[in-house]
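So you can see what is in the structure, the chains are spelled out below.
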Amino acid sequence: MIPTPPVLTPDAILALATDAGSAANARKLATPGRWPVLNAVAGALWGQCQGSGQEPYLTGVDLSGPVGKCSCPSRKFPCKHVLALLLLRATQPGAFGAEALPGSLETWRAGRAQRSGAKAAGQAGQREEGAGVEAPGEGASPLPAADPAAQAKRRAARERKVSDGLEALQTFLVDLIRDGLAHAPARPYSDWDTQAARLVDAQAPGAARLVRQIPGHLGDPAALLAHLSRLYLLTEAWPRRDALSGPEQADLRSALGFPLDRAAVLERPGVPARWLVAGQATVQEETLSTRRTWLCAEPHTALLLDFAPPGRPLLPPLPTGQRVQAEVCFAPGAFPQRGVLHGEAPTPAPAPDLPPGVTLDILLDRHGAALALNPWLERSAHVVGPVWLIPGEPWRVQDAGGSLPLGGGERARLTLLAVGGGQPVTLFGEWDGAALLPLSLLSGDVLLPLPAVEEA
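Residues numbered from 1 in each chain as written. Predicted model: local features only at pLDDT ≥ 70, side-chain atom pairs only at ≥ 80, totals over all residues. Heavy atoms only, no water.

**Quick look at the packing of helix 6 (residues 189-201) against helix 7 (residues 205-212)**
Here is step 1: Running from N to C, helix 6 and helix 7 point in directions that differ by 170°, and their axes come no closer than 8 Å. For the element pair helix 6 / helix 7, the angle class is roughly antiparallel. When helix 6 is examined against helix 7, the residues Trp192, Asp193, Gln195, Ala196, Leu199 and Val200 are found in contact with a partner set consisting of Pro205, Ala207, Ala208, Val211 and Arg212.
Here is step 2: Taken together, the residues of the contact of helix 6 with helix 7 break down into eight nonpolar, one polar and two charged. (Axes fitted to C-alpha atoms, helices over the stretch in contact; angles between N-to-C directions. Helix = DSSP H or I, 4+ residues; strand = E, 2+ residues; numbered from the N terminus. Parallel < 35°, antiparallel > 145°, perpendicular 65-115°, else oblique. Contact = heavy atoms within 4.5 Å. Nonpolar A, V, L, I, M, F, W, Y, C, P; charged D, E, K, R; others polar.)

**Re helix 11 (residues 360-373)**
Here is step 1: Its 14 residues place the ends of helix 11 20 Å apart at the C-alpha level, agreeing with the 20 Å of an ideal helix rising 1.5 Å per residue.
Here is step 2: Among all positions of helix 11, only Leu360, Leu363, His367 and Ala370 are buried. Buried residues of helix 11, seen end-on, are gathered within an arc of 85° and therefore sit on one face of the element. Residues of helix 11 that are exposed and angled more than 90 degrees away from the buried face: Asp365 and Ala372.
Here is step 3: Looking at the buried residues of helix 11, the elements they touch are strand 11 (380-390), strand 12 (396-399), strand 13 (402-405), strand 14 (425-431) and strand 15 (436-443). (Expected span 1.5 Å × (residues − 1). Buried < 20%, exposed > 50% of the residue type's maximum accessible area, 1.4 Å probe, protein only. Arc of directions from axis to C-beta.)

**What to know about the packing of helix 7 against helix 8 (residues 221-237)**
Here is step 1: At a minimum axis distance of 10 Å, the contact between helix 7 and helix 8 shows a crossing angle of 160°. Looking at the two axes, helix 7 sits roughly antiparallel to helix 8. Crossing of helix 7 against helix 8: the hand is left-handed. Note on element contacts: helix 8 touches helix 7 through His227, Arg230, Leu231 and Leu234, opposite Ala207, Leu210 and Val211.
Here is step 2: Here the contact of helix 7 with helix 8 is composed, by residue class, of five nonpolar, one polar and one charged. (Left-handed = near helix turned anticlockwise from the far one by under 90°.)

**Comments concerning the pairing of strand 12**
Here is step 1: Side-chain alternation along strand 12 places Val397 and Asp399 on a buried face and Arg396 and Gln398 on a face that remains uncovered.
Here is step 2: Two strands pair when backbone bridges link them, and strand 11 and strand 12 are joined in this way by three bridges, in the antiparallel orientation. The partner of Trp388 across the bridge, within strand 12, is Gln398.
Here is step 3: Hairpin geometry of strand 11 and strand 12 is characterised by an intervening segment of five residues between the two adjacent antiparallel strands and by a positive phi of about 155° at Gly392.
Here is step 4: Sheet topology note: the strand 12/strand 13 ladder contains four bridges and is antiparallel. Its bridge partner being in strand 13, Gln398 is matched across the sheet by Ser403.
Here is step 5: Between the antiparallel neighbours strand 12 and strand 13 lie two residues. (Pairing = 2+ DSSP bridges.)

**A short note on the layout of surface pockets**
Empty space among the atoms becomes apparent when a probe as large as a water molecule is rolled across them.
Here is step 1: Estimates place the volume of the second largest pocket at around 500 Å³.
Here is step 2: Per element, the largest residue contribution to the lining of the second largest pocket is four residues, and it comes from strand 11.
Here is step 3: Residues belonging to the lining of the second largest pocket are distributed by class as follows: 12 nonpolar, six polar and two charged.
Here is step 4: Composition of the lining of the second largest pocket by domain shows at least three residues from each of domain 3 (262-350) and domain 4 (360-455). (1 Å grid on protein atoms, 1.4 Å probe; cavity = no way out; pocket = protein on both sides within 12 Å on 5 of 7 lines; lining within 4 Å. Points joined across faces, edges and corners; volume = space filled by probe spheres on them. Domains from an automatic or database assignment.)

**A few points about the packing of aromatic side chains**
Here is step 1: The final tally for this structure, using the stated rule, is three aromatic pairs.
Here is step 2: Residues Phe172 and Trp192 carry aromatic rings whose centres are separated by 6.0 Å and whose planes lie at 90° to one another, so their mutual orientation is edge-to-face. With Phe172 in helix 5 (residues 148-179) and Trp192 in helix 6, this residue pair connects regions lying 20 residues apart in the sequence. Judged on exposure class, the residue Phe172 and its partner Trp192 are both buried.
Here is step 3: Note on Trp238 and Phe258: the rings are 5.9 Å apart at their centroids and 25° apart in plane angle, and the pair reads as stacked. Here the residue Trp238 occupies a position in the loop between helix 8 and helix 9 (246-256), and Phe258 occupies one in the loop between helix 9 and helix 10 (262-266), the gap between them amounting to 20 residues. The pair formed by Trp238 and Phe258 is uniform in burial state, with each residue classed as buried.
Here is step 4: The positively charged end of Arg89 is found above the aromatic ring belonging to Phe96, 5.1 Å away from the centroid. (Phe/Tyr/Trp six-rings, centres within 6.5 Å; stacked < 30°, edge-to-face > 60°. Lys NZ or Arg CZ within 6 Å of the ring centre and 35° of its normal.)

Quick look at the structure:
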């Protein structure tokens with residue numbers, strides 16, 4: 001199977017910048033008006049950006065890296081033109097045409113493919129820039145081996161930027177608490193947006209995302225305090241990261257937005273099984289569509305994530321209620337949950353043997369145990385039931401031990417009510433600490449997917 005190039009979010013793209021100036025300049029250039037030529041072909045982007053000189057700069061990106069090449073004189077890798085081209089593709093895919101690569105970029109890309117093949121055959125001698133962009137020049141010529149010292153220097157530089165960003169975030173949070181949470185709703189939105197932008201510049205897009213979520217909690221002081229506590233914990237954990245275990249460091253880096261190294265994950269020992277596709281949720285977060293797919297194979301539960309920028313569809317989904325014969329490799333973490341699928345072969349027949357449902361008390365115990373291992377865990381998935389549905393504001397699910405708020409859209413809740421017919425139901429859903437989001441419903445021997453949920 002040909003691996004699909006990862007889809008980068010604007011935050012992830014800006015995190016590739018070598019400094020705040022490059023990120024800011026890339027944002028300014030990420031408008032179609034600055035690019036008289038914009039094209040996207042299979043696995044690559046290219047365009048011409050008019051700079052201060054007479055001739056426009058020729059910029060190309062090989063999405064398999066992503067790796068970029070630009071004719072501008074900048075010695076920053078990636079340069080602002082490469083970053084802007086990636087940003088444009090992520091935010092305005094409709095602005096791109098489909099003209100083939102110019103000869104120079106085609107030669108450069110062919111050279112990369114050639115070197116990649118040689119590397120796969122065990123031949124050393126290739127260099128890839130740590131930030132994913134090659135220098136201008138003869139890209140097809142043999143490159144020296146990677147310099148571990150240079151890589152360590154780049155890694156240290158990024159970690160210093162993250163440290164600076166989190167130090168500023170901690171000051172911001174302390175000031176916020178000192179002023180009193182009652183005054184937080186009166187702050188202008190620019191306060192949150194500015195702080196989030198600074199964290200993007202500091203190459204901590206995960207923390208930036210959490211800051212942008214603060215306004216959504218302003219109406220609930222308890223939820224606001226819990227959310228701010230998670231952010232503050234990031235600022236306390238990062239300076240002490242060397243004292244954490246490997247899995248704990250992986251959780252911390254994931255929460256801060258360090259990208260997942262899929263190749264490294266696929267090299268880890270996997271779990272081969274006939275995985276049940278238990279449920280899916282598609283959400284819209286800012287400019288990105290995200291689909292969460294949950295797989296179950298006792299005693300494991302795996303979360304697969306797919307992303308798509310605006311105007312582009314997500315990959316075809318796995319069929320909820322059926323099984324796939326596959327190996328799932330889990331990303332490192334104290335509570336391994338996110339997985340990467342390694343090969344698949346859907347079986348046509350439904351396979352409703354869902355794990356037994358648990359009570360609501362057990363759900364809370366399991367979620368709490370997971371949070372004790374990874375305090376930045378956003379959600380966990382469970383089979384719950386039998387439970388009663390209690391319509392109201394909000395809807396609730398209830399069993400003999402108590403009740404919990406039921407989330408999801410009205411269509412999903414009414415479907416639950418209609419299929420249940422007034423009887424207790426067993427469902428599969430996500431618990432995020434505030435509400436249970438139903439994703440599928442066990443009806444007889446069939447696992448029914450519930451209507452897709454779109455979140456703001």
